[in-house]
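So you can see what is in the structure, the chains are spelled out below.
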Amino acid sequence: MTHGEPNPLESPVGAGRRFPPSAEFTAQANAHPELQAWAAADRLGFWADQARQLLSWGTDFTEVLDWSAAPVAHWFGDGRLNACYNAVDRHVEAGHGDRVALHFEGEPGDTRTITYAELQREVSRAANALVALGVQTGDRVAIYLPMIPEAVIAMLACARIGAVHSVVFGGFSAEALRTRIADAQAVLVITADGGFRRGSATALKPAVDEAVGSPAGAVGPVDGADHRGTTARNVLVVRRTGQDIAWTPGRDVWWHEALEAASDVHEPVLVGSEHPLFILYTSGTTGKPKGIFHTTGGYLTQCAYTHLNVFDLKAETDVFWCTADVGWVTGHSYVVYGPLVNGATQVIYEGTPDTPTKGRWWDIVSKYGVTILYTAPTAIRTCMKWGEDIPGGYDLSSLRLLGSVGEPINPEAWTWYRRVIGGDRTPVVDTWWQTETGAIMISPLPGISSGKPGSAQTPLPGIAADVVDEEAHPVANGSGGYLVLTEPWPAMLRGIWGDPQRYADTYWSRFPGIYFAGDGAKKDADGDIWLLGRVDDVMNVSGHRLSTTEIESALVSHPMVAEAAVVGASDETTGQAVVAFVILRAEYLDRADEIGEGADVAATLRAHVTKEIGPIAKPRTILVVNELPKTRSGKIMRRLLRDVAEHRTVGDVTTLADSSVMDLISEGLHTPPPT
Ligand code: WTA
């Protein structure tokens, strides 16, 4: 194990409390106890049935899984389908055109209701507009948008023509956007003038201008080298805020003008089941984000299957709300593909939970009669902090199921969520999965499982997961180890874009032949799985994955910084928080002394990280130190820095090259941390 991991043998708090499903819930539940036996008896047959029941195929498949090119899987390989047709058109054809697909709530209070029939027309226009801009099947398109309907429409329009979308979260910086455009060699960027956040209009277009940075119409080199974002020929701009923006004629095109000019009829392009659907960049253990890519048939099958069974979706009556941004995988699988393939009605909301008041989410739940809510533990803990009087002031009786994702949910937050938000009546599903897994892998099944606060419980029917020791042997109940996936699954990533070797090394080399998720886990006495956090250099801040190395690289790219070490320290609200230890270059040291507590240094470096990566990566605390604890081989011992950051007694220092370093660091911390 590497430094900084939680101790997988620590016994989880609150184990033992059970919340059996009510008889009423069980009676109407989608998930049936036979699912497990069926999948166990014939796993591939089970998935083939799911694929055929849940999706519409243009050409049926004859082979379920081809694992001969492991670790790259082919699911339903000779089948052909279109993701957008499955998410939109077929519902209209089935007579559900008037069903609401999206209830959009803008942060300023503007709203839009989009039915499936309207969505079909909008997506068709957008697809035609993309084609008019020269986007072809297989081309990559970067999407950098706020949480507005156009984000969903843009993704579906790409899928409709077989172009591969690469959504970049709107909170990422120009620099982060640039590297993602360049890595995927995107030919088009879809963005907006801006969006609304915390009561004001924020800008997006300037970041795109900086990232693309090319003369109008230029087509960049295609050698894979770092060539700014110049592969993007055009920028398609949604008008959201109406603010003034710079305009590059010939390159920039207004979304509304392009769509107005386009026909609202478009024939979806059938693609092979293994045709790439999207790339989504995520943080790994090294500085360079990984372009995780997913393909079509297997991904959609598992999204639809999990959305139906884990959330017990009833398309006719439920109102589903997943609070994730489409910039993350949760937004891909449970805002766009899962719910729409299942023909659900859902809510999307542009802004933050506390604008204009801390009751905004609960206002939305009661306004739209949300029945299923899916969010992250960090949001739940924030609401706990604000107090239960706030949700208590709203009618939340429409809710019938609650979900959690993104990080381990502590039993206190789980029970609060169920009691205060779920009125002591709703099942709570704690769903474990990753960008790489594409869809939910481990979760209780509502109506079947007895809820166990803090535990994601069991692999879903059709999924093979285990907890193993260093030698890949499954651990006994009551013991901890590493979470692994022992059989390929339909929604699994097909690789890291452009880097097959890194894919094999990252996920398949720790335990040859099985997928290593990077998480520590424990099996309790019942064999239920408890997730215990990452065992690598990946942090989880507010449910967002951040790489310690990536933030360290950003810090040392500032001329002031000689060396940096970043750790994720536990934080009551955000799960973990970024704490950075930096050594300044000699020429800046005098200045740092002048500044006293180093507050300006911290502010400068926080701004720098925001510029390099984005506000989500900005350190909560920056500590200026003279030394960093290193082993004799020069490896920074982040474990010790975590002890300091979490105000613990510093652990074993015997492997340090210079054991007095930790005393110096601890002493330096008596002054209040500059934040
Ligand atoms: C963590 C988000 C505990 C885990 C869907 C995983 C969780 C990483 C849970 C993936 C959960 C996600 N309990 N930990 N229910 N869900 N994680 O790629 O460390 O943004 O490896 O995908 O989040 O984060 P990602």
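One numbering rule holds for all chains: residues counted from 1, following each sequence as written. Where local features are concerned, this predicted model is filtered to residues with pLDDT of at least 70; where side-chain atom pairs are given and counted, the filter is 80 or more; whole-chain, interface and lining totals use all residues. Here the side-chain values reflect all heavy atoms present in the structure, with hydrogen atoms and water set aside.

Asks: Help me understand the overall build of the protein in this model?
Replies: By the criteria applied, helices consist of DSSP H or I runs no shorter than four residues and strands consist of E runs no shorter than two, each listed in order from the N terminus. Secondary structure summary: the protein contains 21 helices and 30 strands in total. At 24 Å, the protein has a C-alpha radius of gyration in line with the 26 Å of a compact globule built from 675 residues. Considered along the principal axes of its C-alpha atoms, the protein spans approximately 75 × 65 × 55 Å. For every residue, the accessible area (1.4 Å probe, protein chains only) is compared with the maximum for its type, and the residue is labelled buried under 20%, exposed over 50%, or partly exposed between those bounds. Classification of the 675 residues of the protein by burial places 61% in the buried group. Taking the intrachain contacts of the protein between residues at least 6 apart in sequence as the baseline, contacts between residues at least 24 apart amount to 71%. By the counting scheme adopted, Arg and Lys are positive, Glu and Asp are negative, and His together with the chain ends is not counted. Lysine's charge is taken at NZ, arginine's at CZ, aspartate's at CG and glutamate's at CD. Within the protein, the 81 negative side-chain charges are centred at a point lying 1 Å from the centre of the 55 positive side-chain charges. Each radius of gyration is computed over the set of C-alpha atoms, and the globule rule expresses the reference value as 2.2 Å times the number of residues to the power 0.38. When checking whether two residues touch, look at their non-hydrogen atoms; a contact exists if any pair is within 4.5 Å.

Asks: Would you mind going over the sheet that holds strand β22 (residues 480-485) with me for this structure?
Replies: In any sheet, the strands associate via hydrogen bonds between backbone groups, in a parallel or an antiparallel arrangement. With antiparallel pairing, the 4 strands of this open sheet are ordered in space as β21-β22-β24-β25. The open sheet terminates on both sides in strands that have one partner only, identified here as β21 (465-468) and β25 (529-534). Strand-to-strand twist across the sheet, computed as the mean angle between neighbouring axes with direction ignored, equals 45 degrees. The criterion for strand pairing is that DSSP finds at least two bridges linking the strands in question. As paired strands, β21 and β22 are joined by 4 bridges and run antiparallel to one another. Bridging from a neighbouring strand, Val-468 pairs with Tyr-482 of β22. Only the contacting stretch of a helix is used when fitting its axis, a line to C-alpha atoms as for every element, and angles between N-to-C directions run 0 to 180 degrees.

Asks: What am I meant to see in unusual backbone geometry here?
Replies: Glycine aside, residues mostly have negative phi, and peptide bonds are mostly found in the trans state. For the bond from Ala-70 to Pro-71, the omega torsion is 5 degrees, close enough to zero to count as cis. Topologically, Pro-71 is positioned in the loop between β1 (65-66) and β2 (74-75). Look at the link from Thr-355 to Pro-356: it is a cis peptide, with omega at -5 degrees. Mapping Pro-356 onto the fold places it in the loop between β17 (345-349) and α12 (360-368). Although it is not a glycine, Asp-312 adopts a positive phi angle of roughly 55 degrees. With respect to the secondary-structure elements, Asp-312 resides in the loop between α10 (297-310) and β16 (319-322). At Ser-542, a position not held by glycine, the phi torsion is positive, near 50 degrees. Within the element layout of this structure, Ser-542 appears in the loop between β26 (538-541) and β27 (544-547).

Asks: Hey, could you run me through the packing of helix α4 (residues 83-96) against helix α11 (residues 329-341) in this one?
Replies: One way to put it is that α4 packs onto α11 with a least axis distance of 8 Å and a crossing angle of 50 degrees. Taken together, the axes of α4 and α11 lie oblique to each other. α11 is crossed by α4, and the crossing has left-handed handedness. Contact with α4, carried on its side by Ala-83, Asn-86, Ala-87, Arg-90 and His-91, involves Tyr-337, Leu-340 and Val-341 of α11 and no other residues of that element. Under the scheme applied, nonpolar residues are Ala, Val, Leu, Ile, Met, Phe, Trp, Tyr, Cys and Pro; charged residues are Asp, Glu, Lys and Arg; polar residues are all the others, including Gly. Across the contact of α4 with α11, the residue classes tally to 5 nonpolar, 2 polar and 1 charged. To sort the angles, those under 35 degrees are grouped as roughly parallel, those over 145 as roughly antiparallel, those from 65 to 115 as roughly perpendicular, and the leftovers as oblique. Each crossing gets its hand from how the near helix is turned against the far one by less than a right angle, where anticlockwise is left-handed and clockwise is right-handed.

Asks: Whenever I open this one, the pairing of strand β15 (residues 290-295) confuses me. Can you help?
Replies: A regular strand places its side chains so that they alternate between the two faces of the sheet. The element β15 is largely enclosed, with a buried count of 6 among its 6 residues. Side chains of β15 alternate between two faces, with Lys-290, Ile-292 and His-294 and Gly-291, Phe-293 and Thr-295 buried alike. Sheet analysis places strand β14 (residues 276-282) next to β15, joined by 6 bridges and oriented antiparallel. If you follow Ile-279 over to β15, its bridge partner there is Phe-293. Two strands pair when backbone bridges link them, and β15 and strand β23 (residues 495-496) are joined in this way by 2 bridges, in the antiparallel orientation. Bridging across to β23, Phe-293 finds its partner in Gly-495.

Asks: How should the site of the ligand be read in this particular structure?
Replies: Proximity criterion: a residue is near a molecule or strand once any of its heavy atoms comes within 4 Å of it. If you check the shell around the ligand, you find 17 residues, and the closest are Asp-430, Thr-431, Thr-435, Arg-534 and Arg-545. Within the backbone of Gly-406, a nitrogen or oxygen atom sits 3.1 Å from a nitrogen atom of the ligand. Nitrogen and oxygen atoms within 3.5 Å of one another constitute a polar contact, given that in protein one can donate a hydrogen and the other can accept it, and given that sequence-neighbouring residues count only through two side-chain atoms. The separation between an oxygen atom of the ligand and a polar side-chain atom of Gln-434 is 2.9 Å. When the ligand is considered free in solution it has 530 Å² of accessible area, and contact with the protein chains removes 97% of it. Every element with two or more residues in the shell around the ligand is listed here: α11, β20 (428-431) and β25. Accessibility throughout is a Shrake-Rupley quantity obtained with a 1.4 Å probe, and a residue counts as covered only by protein chains that appear here.

Asks: Would you mind going over the sheet that holds strand β19 (residues 401-405) with me for this structure?
Replies: The 7 strands are arranged β5-β4-β17-β16-β18-β19-β20 in an open sheet whose pairing can be described as mixed. In this open sheet, the two edge strands, each paired with only one partner strand, are β5 (111-115) and β20. For this sheet the average axis-to-axis angle between neighbouring strands, irrespective of direction, equals 20 degrees. Packing of helix α15 (residues 411-421) onto the sheet brings it into contact with β18 (372-375), β19 and β20, and relative to β19 it is tilted by some 150 degrees.

Asks: How do you make sense of helix α6 (residues 149-161) when you look at a structure like this?
Replies: Note on helix geometry: an α-helix contains 3.6 residues per turn, so any two residues three or four positions apart are oriented the same way. Expected helix span is taken as 1.5 Å per residue step, with the number of steps being one fewer than the number of residues. Look at α6: 19 Å from first C-alpha to last across 13 residues, which is about the 18 Å you get at 1.5 Å a residue. Counting buried positions over the 13 residues of α6 gives 13, a clear majority of the element. Among the residues trailing α6, Gly-162 stands out with phi positive, at a value near 75 degrees.

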